[in-house]
Amino acid sequence: MNSHAQAVVIGGGLVGCSILYHLTKLGWTEVVLLERSELTSGSTWHAAANIHGLHDNTNISRLQHYTMGLYKELEAETGQGCGIFQPGSLYLAQTEAREHQLRLQAAKARYYGMAFHEVTRDEAERLHPLVDFNDIRCIMFEPQGGNVDPSGVTMAYAAGARARGAQIHRNCPVTATRAQPDGSWIVETPLGEIRTQWVVNAAGLWAREVAALAGIALPLVPTEHQYFVTEAIPEIAALDRRLPSVADRDGEYYLRQEGKGLLVGAYEKDMRFWAEDGTPQGFGHELFADDLERIEPNMLRAIDRMPAVGAAGIKRVINGPMIWSPDSSALFGPVPELRNYFCCNGIIPGFSQSGGLGLLSAEWIVEGEPRLDMFGWDLARFGAWAGKDFTKARVQDQYANRFKIHFPNEERAAGRPVRVRPIYQTQKAMGAVFGLNYGWEHPLWFATEGEPREETVGFERQNWWGPVGREARMLRERAGIIDISNFARYRVSGPGARDWLEALLANRIPTQPGRSCLAPLIGRRGGIAGDFTVTCLETGDYLMVGSGMAERYHKRFFDAVPLPEGTRWTSATEAMAGFNVAGPLARDLLQRLTDADLSNDAFPFMRSARIEVAGVPCIALRVSFTGDLGWELHCSEADQKRLYAALLEAGQPLGVGPVGSRALTSLRIEKGYGSWGRDYSPEYWPQETGLLGLVKGDKDFLNKAGWLAIADRPPRETLRTLVIQSTTADATGNEPIFDLDGKPAGKVSSGAYGYHVRQSLALAYLRPDIAPGAELEVMILGRPHRALVLAGAAFDPEGKRLRA
Ligand SMILES: Cc1cc2nc3c(=O)[nH]c(=O)nc-3n(C[C@H](O)[C@H](O)[C@H](O)COP(=O)(O)OP(=O)(O)OC[C@H]3O[C@@H](n4cnc5c(N)ncnc54)[C@H](O)[C@@H]3O)c2cc1C
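A few points on the structure. (Residues numbered from 1 in each chain as written. Predicted model: local features only at pLDDT ≥ 70, side-chain atom pairs only at ≥ 80, totals over all residues. Heavy atoms only, no water.)

## Concerning the overall build of the protein chain
Now for step 1: Within the protein chain one finds 20 helices and 37 strands.
Now for step 2: Taken against the 2.2 N^0.38 rule, which gives 28 Å for 804 residues, the C-alpha radius of gyration of the protein chain at 27 Å falls within 12% of a compact globule.
Now for step 3: Each of the three principal axes of the protein chain carries a C-alpha extent, and together these read 85 × 60 × 50 Å.
Now for step 4: Among the 804 residues that make up the protein chain, the fraction classed as buried is 62%.
Now for step 5: Residue pairs at least 24 apart in sequence account for 73% of intrachain contacts in the protein chain once pairs closer than 6 positions are excluded.
Now for step 6: Carbon together with sulfur atoms contributes 49% to the accessible area of the protein chain, which is approximately 29100 Å² in total. (Helix = DSSP H or I, 4+ residues; strand = E, 2+ residues; numbered from the N terminus. Rg over C-alpha atoms; globule rule 2.2 N^0.38 Å. Buried < 20%, exposed > 50% of the residue type's maximum accessible area, 1.4 Å probe, protein only. Contact = heavy atoms within 4.5 Å. Areas by Shrake-Rupley, 256 points an atom, 1.4 Å probe, with all protein chains shown as cover.)

Printed below as a string of structure tokens:
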């Protein structure tokens, strides 16, 4: 065993082997994989190994598509069979909502050049004569769908990696991982130690135990999962071809041909956790006892759809463990609290995703950033607040509803609340309907007397649409009070505070107290890794406000810039709270509660001051994400209740009340403001986002080399506002857009109804040749909706209201 490595991958399952393979593909050859037992001996060996390309998340679709194409290349490259069957997959819609979902996926497939299209019932019956297509509203076909051999694929990754120099040691458990002061690691095994630049935790079912060796906890919990295989079925035995797999997600089972029989698997409502407190070290190639009764309701639906399932005897049942994160997406990326420690865990559809995951992991480790925005998979989306109870409750919900549609704007109740502010109960009593943001409960909207407080969910406008409109109009016509406590806040203090901010962010940092600026954080490839409002409170004391969900993600970037002597940054998110008071009457309202002069001359746009509002010390910033006249008030969390009560009381005679975050989304889209995580991400360059003016090439900042590499390149797409002709549904994000010749024109980054301008709106990245005034088609619900490209924002394009 070598004593040194560039990377040590812990775990020889499907995912660890793919990461190893992709590291070598990107040129790292001193890489070692350590496997406690034999390759595949976690979840991998017993998987059904179905492969699918389409997913609601566009980037995940792109990765799955890459993975499906990779298996054949792997076979050709290594000579190791992967047992690939790609007879295609049929996707069935029993409900209108499922039809919308499938049509949207088909539109995305058309946009990205992937094969996934509608077929008629006749065609479907020819493709799969054993399925009863009665009551099916819409059928899609994915020609590349199918399944692979779990062991074959894992061995092929291993063979490909070995051929480029990687070492694999089996029967070699990692017993300790020790961080070294220079950022490297010592990995201990019974066969000796390895000093390595990077550690990669790909320990699947044992990810928690391996993480604990490095002193970290991962929000993961395993469950049982079952499928069964039938005896040979004469109709199948008589065929000279393989049948497509069937994704009847409304029936909550999966079904495909296995040998001359069928394989049926199910995510049952009556699910079972396993090894909640830790995966046993001695667990090997073992399965659990069958419990087909638990999946009987799903089986009966499968039999209804395909009577041949019921007629055949059961040949074998597989009941094995798989390990889940709270939202069933991977926990992926470098751990922000450690140096050079990478995780890739909690992967449910490993066979659909292994190639893409391996590639992105390798890009992140070798090149410093993955090519695609993967925030939805980044382990930094969860913090310490995602403890055991939360994880268990969410996993139960995810497992039992695995095939339920996850609608846009849907907020699941499981495991909540986990983080609340002092005004939570007050807001609840006022009718607040809450959403989850990095663990915090925050009001989405407020129901009035008699209105339901439970949201309905769907692709079309839902029961919250009216109340949210009421709030948005109140703010534009009078004013509104928005709880912005869920924004991330940081204090940077010390003699080198400004120097550190200058070294971190791309804009010039204000030197005078009372001045603020907007400043982007640039990623390794030159894209937008974050955006902040930075305020100079005093010399050597700054407040940064940014996206709340990215709090742990920001840490990776902040820690990459050395702090000058005596200077530090701290998160103030928990210690502080805040409100945005915005709208034409915002000044009148606030002036009733403060002696500070709020006139435009004394307190202009983008300025700040420490003022008292109703006796509460606040940092007041003259900014508003609504695009209206407004102030953000940041106060101590201990004062939150007092300040809220005073604002609400002062607002009442003016007809001003609380506004939730869903109205804020509508308002900021009216104003054309992008939001990080939707309209801004490391995938987009400053010249595409409209933030170019905030990047100062004549100073140094983090990842400037990445910016310089793309600074002179023309925009690939440009962020613009669209007005869409739609009366029942609005864009929500990721809908593809085509021009009137049917060519791909762009995609929506965020969308909402603009209640003030009375138009359905979207912010969208469009081909640069598409000019204002052009007409396009946005695929809302997967169907074309005519749209017009605007020259500027739909609301107050000159910014008069902001500066009023
Ligand atoms: C019944 C069932 C059916 C499934 N069907 C499908 C399907 O149809 N399609 C699909 O895409 N996915 C399916 N899956 C999921 C799929 O199996 C997983 O996504 C995949 O196997 C995860 O692979 P992994 O490499 O992350 O983890 P694992 O396979 O668990 O591998 C982790 C490896 O790490 C090793 N290890 C652990 N600790 C140490 C240590 N200290 N030192 C060294 N090595 C260590 C283990 O021995 C193990 O080999 C199914 C799962 C189950 C249970």
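There is more to say after this.
## A closer look at the sheet that holds strand S31 (residues 657-659)
Now for step 1: Spatially, S28-S29-S30-S27-S21-S31 is the arrangement adopted by the 6 strands of the open sheet, whose pairing is mixed. The open sheet terminates on both sides in strands that have one partner only, identified here as strand S28 (608-613) and S31. The average undirected angle you get between the axes of adjacent strands in this sheet is 35°.
Now for step 2: Direction of pairing for S28 relative to strand S29 (residues 616-621): antiparallel, over a ladder of 6 bridges. Along S29, the bridge assignment pairs Ser 608 with Leu 621. (Pairing = 2+ DSSP bridges. Axes fitted to C-alpha atoms, helices over the stretch in contact; angles between N-to-C directions.)

## Comments concerning the packing of helix H2 (residues 58-78) against helix H10 (residues 350-367)
If you want to describe how two helices pack, look at the angle between their axes and the distance between the axes.
Now for step 1: Between H2 and H10, the least distance of the axes is 7 Å, while the angle of their chain directions is 100°. In terms of their interaxial angle, H2 and H10 are classed as roughly perpendicular. Counting all contacts with H2, which are made through Ile 60, Leu 63, Gln 64, Tyr 66, Thr 67, Leu 70 and Tyr 71, the residues of H10 involved are Gly 350, Phe 351, Ser 352, Gln 353, Ser 354, Gly 355, Gly 356, Leu 359 and Leu 360. (Parallel < 35°, antiparallel > 145°, perpendicular 65-115°, else oblique.)

## Remarks on helix H1 (residues 14-25)
Now for step 1: For H1, spanning 12 residues, the distance from its first C-alpha to its last is 16 Å, which sits close to the expected 16 Å at 1.5 Å a residue.
Now for step 2: Those residues of H1 not exposed but buried are Leu 14, Val 15, Gly 16, Cys 17, Ser 18, Ile 19, Leu 20, Tyr 21, His 22, Leu 23 and Thr 24.
Now for step 3: Of the residues one or two after H1, Gly 27 is the one with positive phi, at around 105°. (Expected span 1.5 Å × (residues − 1).)

## With respect to the site of the ligand
Now for step 1: In the vicinity of the ligand, 37 residues are found, and the nearest of them are Glu 35, Arg 36, Thr 44, Ile 347 and Phe 351.
Now for step 2: At a separation of 3.2 Å, an oxygen atom of the ligand approaches a polar backbone atom of Leu 14.
Now for step 3: The contact in question runs from a nitrogen atom of the ligand to an N or O atom on the backbone of Val 174, over 3.0 Å.
Now for step 4: Every element with two or more residues in the shell around the ligand is listed here: H1, strand S12 (221-230), strand S16 (314-324) and H10.
Now for step 5: Residues belonging to the shell around the ligand are distributed by class as follows: 21 nonpolar, 14 polar and 2 charged. (Near = heavy atom within 4 Å. Polar contact = N/O pair within 3.5 Å; in protein donor to acceptor, adjacent residues only side chain to side chain. Nonpolar A, V, L, I, M, F, W, Y, C, P; charged D, E, K, R; others polar.)

## Here's the deal with the pattern of salt bridges
Now for step 1: In total, this model carries 57 salt bridges according to the counting rule given.
Now for step 2: Close ionic contact of Asp 277 with Lys 388 constitutes a salt bridge, the shortest N to O distance being 3.5 Å. Residue Asp 277 is found in the loop between strand S15 (261-266) and helix H8 (296-305), and its partner Lys 388 is found in helix H11 (residues 388-400); the two are separated by 111 residues along the sequence. Take Asp 277 and Lys 388: they sit in the same class, and that class is exposed.
Now for step 3: Lys 555 is the salt-bridge partner of Asp 559, the closest N and O atoms lying 2.7 Å from each other.
Now for step 4: Residue Asp 559 is classed as partly exposed on the basis of its relative accessible area of 42%.
Now for step 5: Connected via shared salt-bridge partners are Glu 99, Arg 103, Glu 118, Arg 137 and Arg 783. (Salt bridge = Lys/Arg side-chain N within 4 Å of Asp/Glu carboxyl O.)

## Some words on the packing of aromatic side chains
Now for step 1: All told, the structure shown has 41 aromatic pairs when counted by the stated rule.
Now for step 2: Considering the side-chain rings of Phe 332 and Trp 377, the 6.1 Å spacing of their centres and the 90° angle between planes classify their relative orientation as edge-to-face. Of the two residues, Phe 332 sits in strand S17 (residues 331-334) while Trp 377 sits in the loop between H10 and H11, which places them 45 residues apart along the sequence.
Now for step 3: Centre to centre, the rings of Tyr 553 and Phe 557 are 5.2 Å apart; their planes meet at 50°, and the pair counts as tilted. (Phe/Tyr/Trp six-rings, centres within 6.5 Å; stacked < 30°, edge-to-face > 60°.)

## A few points about the nonpolar core
Now for step 1: Counting 48 residues, the largest nonpolar core has Leu 23, Tyr 71, Tyr 157 and Phe 332 as the members making the most contacts within it.
Now for step 2: Breaking this core down by element, the ones donating at least two residues are strand S1 (4-10), H1, strand S2 (31-34), H2, helix H5 (150-163), strand S11 (192-201), strand S18 (341-345) and H10.
Now for step 3: For this core, the element with the highest residue contribution is H1, accounting for 7 residues.
Now for step 4: With near-sequence residues (within four places) excluded, Phe 332 lies in contact with Phe 342, Cys 343, Cys 344, Leu 357, Leu 360, Ser 361, Trp 364, Met 374, Trp 377, Asp 378 and Leu 379.
Now for step 5: Among the nonpolar cores identified, the runner-up in size contains 47 residues, and Leu 501, Ile 509, Cys 517 and Leu 521 belong to it. (Core = buried A, V, L, I, M, F, W, Y, C linked by side-chain atoms within 4.5 Å.)

## Structural notes on the environment of Gly 439
Now for step 1: Of note, Gly 439 is situated in the loop between strand S19 (432-437) and strand S20 (440-446).
Now for step 2: Aside from chain neighbours lying at most four places away, what touches Gly 439 is Trp 385, Val 418 and Arg 419.

## Quick look at the side chain of Arg 587
Now for step 1: Of note, Arg 587 is situated in helix H16 (residues 586-591).
Now for step 2: With no salt bridge to any partner, buried Arg 587 finds its closest opposite charge in Asp 588, at an N-O distance of 6.3 Å.
Now for step 3: Excluding anything up to four places from it in sequence, Arg 587 contacts Leu 598, Ser 599, Asn 600, Arg 622, Leu 629, Trp 631 and Ala 804. (Lys, Arg positive; Asp, Glu negative; His and termini not counted.)

Remember that the coordinates give geometry; whether it matters functionally is a separate question.
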